[in-house]
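Reading the structure
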Amino acid sequence: MDVSEYLGVFLDEAKEHLQALNDSIMTLEQEPDNEDCINEIFRAAHSMKGMAGTMGYKRMQDLTHDIEDVFSDVRNGTLKITPNIVDTLFQCLDAVQAYVDNITETQDEGTEDNANLIKALADIRAGGGGAAAAPAAEEKEAAAEDTAEEGAEEAAPAAPVSNADAPWYRIKLEPSAKAALEEAKNEGKHVYGVQVFVEETCILKAARAFLVFKGLEDIGEVVVSDPSTQDIEDERFDLTFCLIFITDQAPEKVVEIVKSVSEIEKAEIGEYDLGGAAQDAEAQEGAEEAAPAAQTPEAEAPKAASAPPAAAPAAKPAAAPAAKGGDKKPVGKPVVSRTVRVDIDKLDVMMNLVSELIIAKNSLISAATSSGAVDKAVTSQIEYLESVTTNLHESVMKVRMVPLENTLQKFPRMIRDLNKSLGKKMELTMTGEDTEMDRTVVDEIGDPLMHLLRNSADHGLEPTEVRLERGKPEVGQIFLHAFQDGNNVVIEVGDDGNGIDAEAVKQRAIERGVVTPEQAEAMSEKAIINLLFNPGFSTAKVVSEISGRGDGLDVVKSKVESLSGEEDVRTKLGEGSTWIIRLPLTLAIIQALMVEVGEEKYAIPLDSIQTIEDVKPSEIKFVENREVINLRDTVIPLVFMNKTLECESTRAPEDDMVVVIVRKGEQLAGLVIDTLIGQLEIVIKPLGKYMKRCKFISGATILGDGGIALILDANALV
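This report concerns the structure included in the present document.

Rules of the game
Residues numbered from 1 in each chain as written. Predicted model: local features only at pLDDT ≥ 70, side-chain atom pairs only at ≥ 80, totals over all residues. Heavy atoms only, no water. 1 Å grid on protein atoms, 1.4 Å probe; cavity = no way out; pocket = protein on both sides within 12 Å on 5 of 7 lines; lining within 4 Å. Points joined across faces, edges and corners; volume = space filled by probe spheres on them. Helix = DSSP H or I, 4+ residues; strand = E, 2+ residues; numbered from the N terminus. Nonpolar A, V, L, I, M, F, W, Y, C, P; charged D, E, K, R; others polar. Domains from an automatic or database assignment. Axes fitted to C-alpha atoms, helices over the stretch in contact; angles between N-to-C directions. Parallel < 35°, antiparallel > 145°, perpendicular 65-115°, else oblique. Left-handed = near helix turned anticlockwise from the far one by under 90°. Contact = heavy atoms within 4.5 Å. Pairing = 2+ DSSP bridges.

What follows deals with empty space enclosed by the protein. Inspection of every chain in the model, using the stated rule, returns 1 cavity of 30 Å³ or more. Estimates place the volume of the largest cavity at around 70 Å³. Around the largest cavity, the lining residues are Tyr 6, Val 9, Phe 10, Glu 13, Met 51, Thr 54, Met 55, Ala 207, Arg 208 and Leu 211. Counting only elements with at least two residues in the lining of the largest cavity, the list comes to helix H1 (7–30), helix H2 (35–55) and helix H9 (205–217). For the lining of the largest cavity, the per-class residue count stands at 7 nonpolar, 1 polar and 2 charged. Of the domains in this structure, domain 1 (4–145) and domain 2 (148–325) are the two that each give at least three residues to the lining of the largest cavity.

Okay, structure coming up:
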């Protein structure tokens, strides 16, 4: 088998174990005596060690093995958790993460041995229990005794009394396999029968079995297995499999290697007796001969002595799992099979096919509408097709939805590290981690959120002494709230720090030549604060590794707008700031309002639209030399789309205007169009490099008649 075949599974599980370790150690830092956390960390480190070893990543295996040893001491009570130990453990996790990153990029773990961290872990063990080497020695001795006891338990099936019934004697041996076993016996090697039990909750049984085979092949040779290796690869087995194994090692070592693979419940081992195997084969043949003759009493008696040994092993595998699982198995098994990992590329292909289906549906509707009189049966089927495609689209979207938790779970560790590096006391509160979004959006939003959180920690929160002088709590609060609002997800990131000093922003903008002093005086506070989103704009007086590196918030703005989202900020000097990001649930298929400007059709995303109004030309007013309307006591600026798009309007000047009121955050604008067409489900097609300079065009869509309609970006027009 090729190790690379299971590389994806290894990486997925390694990342899950790393996140579990980060979360558990974070909890352990606050609750040093939390036994559940200690056990969880030990199990995760043990699993990672086994995974890394079976995949051949020796350096990663050594480091995780030492982490496991530290928590073995903690579990035994010979070592107490201290802040120094926690810091060292987090450095170790960063090193393991570096190994995983290297493996992701190159399939190789790299050449970094992390000897300093391995020495630090050894020093922790040496000085952790009061006496230097005694506790470690006692622990090793106890561990050796435990291992011996476990080995004795695992080797129990090798006893002469039960060995005749061992399941590995049911494996049929080919002549070549028998010859290999006899040769191994003559050379003084051990021949073992091994039965491996996989946990009921295991999803990837074939991968676990492969890791068992790989681990055993490092110390010996697997001669034959039941089921065959091909059946095991295809996952055509239940929760157990047997094999016959040649090695120089003791049975305890074999059991240890098998159990080092995660989700392996236990392993039973015994010496394989070739003579016993021959007798068992004869007994099976005798049982087969007895079966046809079982109807005659004369044949039944002579075979009675030999039939039970053959029948007993045959009944054993069926009875054992039933007894083991009890009443839980019928309930538990379907739950395991309800989840499956699917590559995101396959989901993208499915989404593209659904998109093409929607385009075909729109074409069919357009053709049916334009043809005039249509048969009622055809109309009925078109309506049914429309319903099915809409439901299909919604189902595919639900499959692509993942919780924001996948992105947010790394932030508590980041804030903990900033707490240490900045010397500030801060606490992160997160809500809405279960809010779901399209996978592509979730993957992209992590960096902007990290940038905002770092800004809150570095720029937002005041030093501890300043907070105390202002009567604020010593511990600064940073929050991240996510929630769904219609077809959008809103993410708020903020703090209870100093807030944004608009006067400081204004002076910085004048110094950098972004605005003139005269322009700055005429600007509102909101407009001044929005200057923070200009490329390269930063108010940081000292450039640090945390923030203020000259990137400014333009990286956040550009990323959010590339995801068809919008950003806003609310701030009050002395009380704190809140950064608001609004993102669409999906970027592929949306509901849009189709309109005409001039002789061209355009689409406006429905999520951006507040209302549609009929406005008389006489209702237009001028404010600061700009055309506006007063709609229900709200002054709304107008954007004449024929001027923006540089085309001739088909509306007569004296006719009433159709105004589409769109929103960006708290700002409103009225888009003056020529004609309304109606609502349509459209597929967004990116324009790539062709229209980069035209900011208010976010993409295009294919209409039912085969024509192209450009999609207007309301955020850029407001």
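This paragraph deals with the packing of H1 against helix H4 (residues 83–106). At their nearest, the axes of H1 and H4 sit 11 Å apart, and the two run at 165° to each other. Relative to H4, H1 is oriented roughly antiparallel. Crossing angle aside, the handedness with which H1 passes H4 is left-handed. Facing Leu 7, Phe 10, Leu 11, Ala 14, Lys 15, Leu 18, Leu 21, Asn 22, Ile 25, Met 26 and Glu 29 of H1, the residues of H4 in contact are Val 86, Leu 89, Phe 90, Leu 93, Val 96, Gln 97, Val 100, Ile 103 and Thr 104. Grouping the constituent residues of the contact of H1 with H4 by class yields 15 nonpolar, 3 polar and 2 charged.

Within the open sheet, the 5 strands sit side by side as S6-S8-S9-S11-S10. Their pairing is mixed. Unpaired on one side and paired on the other, strand S6 (426–431) and strand S10 (566–572) mark the two borders of the sheet. Here the strands of the sheet are splayed against their neighbours by 15° on average, with no regard to which way each runs. Examined bridge by bridge, strand S8 (residues 476–485) and strand S9 (residues 488–495) share 8 bridges and lie antiparallel to one another. Bridge pairing links Ala 482 to Ile 491 in S9. Together, S10 and strand S11 (576–584) form the strand contacts of helix H25 (residues 554–562), whose direction differs from that of S10 by roughly 140°.

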